[in-house]
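A closer look at the structure
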2 protein chains.
Amino acid sequence: VSYVLDGKPAVTPTLHWREGNHVYWHGSSASRAIRKSDGLDVCLAVTLMDGLVLARSAFHHSANYRSVVIYGRAVKIEDPELKVQKLRNFVDNILPGRWDGLRPMNEQEIKATTVLSLPIEEASAKIRDGGPNDDDEDYALPIWAGVIPLRTVTGPVQDDPRNLPDVARPRHVAEYKIK
Amino acid sequence: VSYVLDGKPAVTPTLHWREGNHVYWHGSSASRAIRKSDGLDVCLAVTLMDGLVLARSAFHHSANYRSVVIYGRAVKIEDPELKVQKLRNFVDNILPGRWDGLRPMNEQEIKATTVLSLPIEEASAKIRDGGPNDDDEDYALPIWAGVIPLRTVTGPVQDDPRNLPDVARPRHVAEYKIK
């Protein structure tokens, strides 16, 4: 999330989630990034790198990616119940069913957490996919071209050593898949 | 890279590279993102996600990550020879030795490409690592906690079907490793 701080651009990396025509993110109510975004213009950018595209000329080297940039005014969720509902959606969106098994949020935690929403009204989505696009005459050159695909994967799950002995790894963890 | 456009924050995803105390990125000389960054305040942010941290309360859920945010004024590389040298460093930084085997850049390509530099003077680096940090009393709860590690990997290399038949896959591709 990018915002303007004293006339200069600033970025704070964060997780986000989408519900219908809005994206949401959260943070500490005390944080500068949250205070400087609430009610103000922000830009939320998400990029996934899918590969390195190696062409026959430096100029046509590229990357495969999927990218979304959303522009608009961030608005704080004021209602505490709605805020908790949104945070529940955040957790369950990543790990379906996790929220119900957790120790419930207490009032202090709810107060300390701000959820911001941004309508998806002005946005730019870009995708680059496929192999290199070289200049016509360069295809005659004896230069290797192609793609090195990149993707994000999960590693072996790490159980907290302080888990109680009879607590099994839940299905939403064992079966977690990157969307 | 984030910049200010008509008083509002904007973000353009891009690749970057580092040389000593500067970071660099490039783009089309005609692009808005480049024109609105040259000589102006920008914010360059890089984030690597290392894992999902699942705690016993929603509040202590977190992510493992490495993040750098650099603030400063972007400056265009004016000298064409220096510009090409920088682009060479960009390519060879990702794929050591690739540049020398490519069709050389021509004048039109050099003109159409802008390289911006940003000194690493004002920056914020953050790392979150390890397992969940729960409230003391929550460790007594029968809730599974732990970490789902995430990492970026390469997939099988894809040869361009238009490669000439006697062109072998070079070592910098076959042995490519994510840094």
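Above this text you will find the structure in question.
The present account deals with the structure reproduced in this document. Numbering of residues starts from 1 in every chain and runs along the sequence as written. Numbering of ligands from 1 and lettering of chains from A proceed in the order in which they are written. Residue-level local features of this predicted model are given only where pLDDT is at least 70; pairs of side-chain atoms are given and counted only at 80 or more, and the full residue set underlies all totals for whole chains, interfaces and linings. Side-chain figures throughout are based on the complete set of non-hydrogen atoms in the structure, without hydrogens or water.

Topic: the interface of chain A and chain B
Going by this rule: We call two residues in contact when some of their heavy atoms are within 4.5 Å. In short, buried area is how much 1.4 Å probe accessible area vanishes from two parts on joining, totalled over both. Here, a salt bridge means any Lys or Arg side-chain nitrogen found within 4 Å of an Asp or Glu carboxyl oxygen.
Counting residues at the interface gives 75 residues for chain A and 75 residues for chain B. The junction of chain A with chain B conceals about 6,300 Å² of combined surface from both sides, 64% of it contributed by carbon and sulfur atoms. Summed over the three residues of chain A that lose the most area to chain B, namely Pro 9, Arg 103 and Trp 144 of chain A, the buried surface amounts to 12% of that side. At the surface where chain A touches chain B, the tally comes to 6 salt bridges. Of the charged contacts, one joins Arg 103 of chain A and Asp 138 of chain B as a salt bridge, the two residues approaching to 2.9 Å between their closest N and O atoms.

With respect to the relation of the copies chain A and chain B
In plain terms, the rule: We superpose the copies by least squares over the C-alpha atoms of residues that have a pLDDT of at least 70 in both of them.
Between the two copies, chain A and chain B, the superposition gives an RMSD of 0.0 Å; the rotation angle is 180° and the shift along the axis is 0.0 Å. Expressed as an axis order, the relation between the two copies is that of a two-fold axis. For chain A, the minimum C-alpha distance to the rotation axis belongs to Thr 152 of chain A and amounts to 2.1 Å. Here 100% of the interface residues in chain A have copies in chain B that are interface residues too; the copies meet face to matching face.

Focus on the packing of aromatic side chains
For clarity, the cut-off: By convention, a stacked pair of Phe, Tyr or Trp rings (six-membered ring in the case of Trp) has centres within 6.5 Å and planes under 30 degrees apart, an edge-to-face pair has planes over 60 apart, and any other such pair is tilted. The classification of residues rests on relative accessible area computed with a 1.4 Å probe and restricted to protein chains. Under 20% of the type maximum is buried, over 50% is exposed, and intermediate values are partly exposed. Counting from the N terminus, the helices are DSSP H or I runs at least four residues long and the strands are E runs at least two residues long. In our convention, an over-ring charge means Lys NZ or Arg CZ found within 6 Å of a ring centre and within 35 degrees of that ring's normal.
Within the structure shown, the criterion is met by 4 aromatic pairs over all chains. Taking the centre distance of 5.8 Å and the plane angle of 20° together, the rings of Trp 17 of chain B and Tyr 24 of chain B count as stacked. Exposure remark for Tyr 24 of chain B: the relative accessible area of 7% places this residue in the buried category. Between Trp 17 of chain B and Phe 90 of chain B, the aromatic rings sit 4.3 Å apart at their centres with planes inclined by 10°, giving stacked as the arrangement. Of this pair, Trp 17 of chain B sits in strand 3 (residues 16–19) while Phe 90 of chain B sits in helix 2 (residues 80–94), and the two are 73 residues apart along the sequence. With relative accessibility at 9%, the residue Phe 90 of chain B sits in the buried group. Aromatic rings pair up to connect Trp 17, Tyr 24 and Phe 90 of chain A into one cluster. Its end group placed over the ring of Tyr 139 of chain B, Arg 162 of chain A keeps NZ or CZ at 3.4 Å from the ring centre.

Comments concerning the pairing of strand 6 (residues 62–73) of chain B
Here is the key point about a regular strand: its side chains alternate between the two faces of the sheet. Residue and element names in this part refer to chain B. For clarity, the threshold we go by: Only strands that DSSP links by at least two bridges are regarded as paired with each other.
Bridging between strand 5 (residues 41–54) and strand 6 involves 12 bridges; their strand directions are antiparallel. Within strand 6, the residue paired with Val 53 across the bridge is Ser 62. The pairing of strand 6 with strand 9 (residues 122–128) spans 7 bridges and is antiparallel. The partner of Tyr 65 across the bridge, within strand 9, is Arg 128.

Observations concerning helix 2 of chain B
All names here are of chain B. To keep things clear, this is the line we draw: To estimate how far a helix should reach, multiply one less than its number of residues by 1.5 Å.
Over its 15 residues, helix 2 extends 22 Å from the first C-alpha to the last, a length consistent with the 21 Å expected when each residue adds 1.5 Å. Those residues of helix 2 lying buried are Lys 83, Lys 86, Leu 87, Phe 90, Val 91 and Asp 92. Those residues of helix 2 that are buried lie in contact with strand 3, strand 4 (22–28), helix 3 (107–112) and strand 8 (113–119).

These results come straight from atomic positions and should not be treated as a statement about function.
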